[in-house]
There are 2 protein chains.
Amino acid sequence: MRRQFVNDPHDVVREALEGFARANAHLVRWDREGNFVARAQPAAAGKVGLLAGGGSGHEPLHGGFVGIGMLDAAVPGAIFSSPTAAQFEAATRAVDGGAGVLHILKNYTGDKLNAGIAAEIAAEDGIAIERVLVDDDLATDFEDDRSPGRRGTAAVIAVEKLCGAAAERGASLADLAALGRRVAEGSRSLALALSPLAHPGESRPSFELGDDEIEFGVGIHGERGIDRRPFAPADELARQLVEPVADALELGEGDQVAVIVNGLGATTNLELQVVFAEVARRLDARGVQTARALVGPYLTALDMAGCSVTLVRMDAETLALWDAPVRTPALTW
Amino acid sequence: MRRQFVNDPHDVVREALEGFARANAHLVRWDREGNFVARAQPAAAGKVGLLAGGGSGHEPLHGGFVGIGMLDAAVPGAIFSSPTAAQFEAATRAVDGGAGVLHILKNYTGDKLNAGIAAEIAAEDGIAIERVLVDDDLATDFEDDRSPGRRGTAAVIAVEKLCGAAAERGASLADLAALGRRVAEGSRSLALALSPLAHPGESRPSFELGDDEIEFGVGIHGERGIDRRPFAPADELARQLVEPVADALELGEGDQVAVIVNGLGATTNLELQVVFAEVARRLDARGVQTARALVGPYLTALDMAGCSVTLVRMDAETLALWDAPVRTPALTW
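Owing to the predicted nature of the structure, the values given are computational and were not obtained by experimental measurement.

Re the packing of aromatic side chains
Residue and element names in this part refer to chain A.
Working step 1: With the rule as written, the count across this model stands at two aromatic pairs over all chains.
Working step 2: A ring pair is formed by Trp-322 and Trp-333, whose centres lie 6.0 Å apart and whose planes are at 25°; its orientation type is stacked. Of this pair, Trp-322 sits in helix 8 (residues 316–323) while Trp-333 is found in the segment after helix 8, placing the two residues eleven residues apart along the sequence.
Working step 3: The partly exposed category is assigned to Trp-333, whose relative accessible area is 25%.

Comments concerning the sheet that holds strand 11 (residues 289–296) of chain A
All names here are of chain A.
Working step 1: Ordered in space as 9-8-7-12-10-11, the six strands form an open sheet in which the pairing is mixed. For this open sheet the edge positions go to strand 9 (227–230) and strand 11, each flanked by a neighbour on one side alone. Across the sheet, the mean angle from the axis of one strand to that of its neighbour is 20°, orientation sign disregarded.
Working step 2: Each of strand 7 (187–195) and strand 12 (305–314) touches helix 5 (residues 173–185); the most contacted strand, strand 7, lies at about 55° to it.

Looking at the interface of chain B and chain A
Working step 1: Contact residues are listed per partner, giving 53 residues for chain B and 53 residues for chain A.
Working step 2: Buried surface at the junction of chain B and chain A, both sides included, amounts to about 4700 Å², of which 63% is carbon and sulfur.
Working step 3: Inspection of the region where chain B meets chain A yields four salt bridges.
Working step 4: Residues Arg281(A) and Glu18(B) are paired through a salt bridge, measuring 2.8 Å at the closest nitrogen-oxygen approach.
Working step 5: In this assembly, chain B and chain A are joined by 22 residue pairs in polar contact (both at pLDDT 80 or more).
Working step 6: Put simply, the parts of the chain that give the side of chain B that touches chain A at least two residues each are helix 1 (12–23), strand 7 (187–195), helix 6 (234–248), helix 7 (269–286), strand 11 (289–296) and strand 12 (305–314) of chain B.

Some remarks on the domain arrangement of chain A
All names here are of chain A.
Working step 1: For chain A, the assigned domains are domain 1 (12–186) and domain 2 (188–321).
Working step 2: Once you take the C-alpha centre of each, domain 1 and domain 2 turn out to be 23 Å apart.
Working step 3: Counting residues at the interface gives 36 residues for domain 1, matched by 38 residues for domain 2.
Working step 4: In total, domain 1 and domain 2 occlude about 2700 Å² of area from one another, counting both sides; carbon and sulfur atoms represent 64% of this.
Working step 5: When the area that domain 1 buries against domain 2 is broken down by residue, the three leading residues are Phe-80, Leu-138 and Gly-186, summing to 21%.
Working step 6: The interface formed by domain 1 and domain 2 contains four salt bridges.
Working step 7: In this structure, the salt-bridge partner of Arg-188 is Glu-185, at a minimum N-O distance of 3.4 Å.
Working step 8: Across the contact surface, domain 1 and domain 2 share 14 residue pairs in polar contact (both at pLDDT 80 or more).
Working step 9: Looking at the side of domain 1 that touches domain 2, the elements that each hand over two or more residues are helix 4 (155–168) and helix 5.

Observations concerning the relation of the copies chain B and chain A
Working step 1: Least-squares fitting of chain B to chain A yields an RMSD of 0.0 Å, with the superposition described by an axial translation of 0.0 Å and a rotation of 180°. With respect to symmetry, the two chain copies, as superposed, fit the operation of a two-fold axis. Residue Ala266(B) of chain B places its C-alpha closer to the rotation axis than any other residue of that unit, at 2.0 Å.
Working step 2: Interface residue correspondence from chain B to chain A reaches 100%, placing this contact among same-surface, isologous pairings.

A look at the UniProt feature "domain: DhaK" (unreviewed entry) in chain A
Working step 1: Per the UniProt record, "domain: DhaK" (unreviewed entry) is found at residues 8–331 of chain A.
Working step 2: The straight-line gap between the two end C-alpha atoms of residues 8–331 of chain A is 29 Å; of that span, 33% is helix and 24% is strand.

Remarks on the sheet that holds strand 1 (residues 28–31) of chain B
All names here are of chain B.
Working step 1: Taking strand neighbours across the sheet as the criterion, the six strands line up as 1-2-4-3-5-6 in an open arrangement whose pairing is mixed. Every interior strand has two partners, whereas the edge strands, strand 1 and strand 6 (129–134), have only one. Across the sheet, the axes of successive neighbouring strands diverge by a mean angle of 25°, strand direction being ignored.
Working step 2: Both strand 2 (residues 36–39) and strand 4 (residues 73–79) contribute to a ladder of two bridges, which runs antiparallel. Looking across to strand 4, one finds that Ala-38 is bridged to Ala-73.

What counts as what
- Residues numbered from 1 in each chain as written.
- Chains lettered and ligands numbered in written order.
- Predicted model: local features only at pLDDT ≥ 70, side-chain atom pairs only at ≥ 80, totals over all residues.
- Heavy atoms only, no water.
- Phe/Tyr/Trp six-rings, centres within 6.5 Å; stacked < 30°, edge-to-face > 60°.
- Helix = DSSP H or I, 4+ residues; strand = E, 2+ residues; numbered from the N terminus.
- Buried < 20%, exposed > 50% of the residue type's maximum accessible area, 1.4 Å probe, protein only.
- Pairing = 2+ DSSP bridges.
- Axes fitted to C-alpha atoms, helices over the stretch in contact; angles between N-to-C directions.
- Contact = heavy atoms within 4.5 Å.
- Buried area = accessible area lost by both parts, 1.4 Å probe.
- Salt bridge = Lys/Arg side-chain N within 4 Å of Asp/Glu carboxyl O.
- Polar contact = N/O pair within 3.5 Å; in protein donor to acceptor, adjacent residues only side chain to side chain.
- Domains from an automatic or database assignment.
- Least-squares fit on C-alpha atoms with pLDDT ≥ 70 in both.
- UniProt positions renumbered as here; feature names shortened; annotations may be inferred.

Structure (structure tokens):
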């Protein structure tokens, strides 16, 4: 049986937000009425406001990335559920400093719908809004007109970091939207699960896995992957993740990437470092430079064991933005 | 069956160090010959060298805390095994800048023995060495002369941070040793496991737990705890951890503490925030001020699910040291 630290399973997001805001009160505040996380100290007027939102259960995403050099606000839904339009609207109004607001969304129907309603209402009051949609999950890259398109996963962290740095430097709303779209377009990810997740208070896992199986191409909500494959040594699993991603981005000699090896919840730092080492070696073999790296749990799927590998094409401009100072609960340098 | 990202179970530490050093090359270097992690840029001559060491399987501890404002080097043993005297000696020599070296150790027999041999050898060459022993685990606070004393757990992070800040400001070896001992003496911890850990490549857990049980008072090596208790809601479990710790430190009205709610490996950020919220409320109820907080996986026990709660008595001096800049792979502000 799966045991978790939980009181009322229906109240876990609110309870966690209380702890999160208190532990990080020097960086963020939780606006209980509007139900969003914002910077403890608002950004200077004239800066474009950056807002991300989506379901909870992916901590530290997105609230952990609110702070100087990254987001101005994050809108948390219930576990794996879209935030409401009212939340998006309240946060949009809160972070508008006169220069408009950028909505950074992962590609999920509910998030798009509710953020869109909020954008329409805010626009009626003269708030300029642009949207960047992140759709990096290669496992959902179907050539099918009825498909909702690729899901958004860990590339959203790169979009938030790079746009956050550019916004801090005074970039316009249009420039930020263009930058975000360029970063998203140059990013792809793949994930695999070694074990399924369980919802807070539930012992039933989200899917069943045999002793010698892994779930390949999983999303971040406990949904089944695209393929069930044999369990294998870490290096082999790392190759199954990185090679298709590098192929999709057509990476070759001289290209530069940022690598995100992201833990899905229950996978240890020790294991993620082993995976990263092989990912970097495979990129070496292609002549691709691992210019920057993040290795850790950044976008989780509750307590799933597994990881995702994200590659982000980088150039001189985005490398400088990556290196710009950032000061948030989950990312600081 | 437990599945992990592992190649050769006997080589996992080396493989993870390769990934860790590469992902964090701007901050740390891995000295393969001496088998220790050191700062990428050595500290200025005249600063006391700070060195911590112990078994691996606790990542990000200790290598993740090497960098400006914290450790100069970290010595990793095999999984849950003491580093060798040769490793301690090589790292001690590497970080001595003429002002001596402080060994920060968790209270385990092998660590003490091997660091002690290294200290004797280095002392023969005129390197001044002091030791701070961290022994915060309240679960092992036996009144028994044959006991090896309390185990060292997450309070070591506070000792490393505070001594690291003081060393950066030019404190002498004697002053750092006194500071570290004072911090350790004012710190206590308790841990509980919701599920046991498994060693890399092994599916057999370190102990068995019934469906409605938790293991209370666990250490960080998969050893059994001191008590098997019923599984309970998060707030109740948080109280079982924080109340005895606050009692042991005789905390009351007006006291200030730093709180570390530490994930043991497979426990999510969401859960840790829920636990922290209740810990802070219990301290509120005593009139104890939660002056600073760390919530996350800082000292893990491979993939154990569970957490520890550490309280560290703080005063104006240690609060200033806590807030001093730090720039390491696992802790930066």
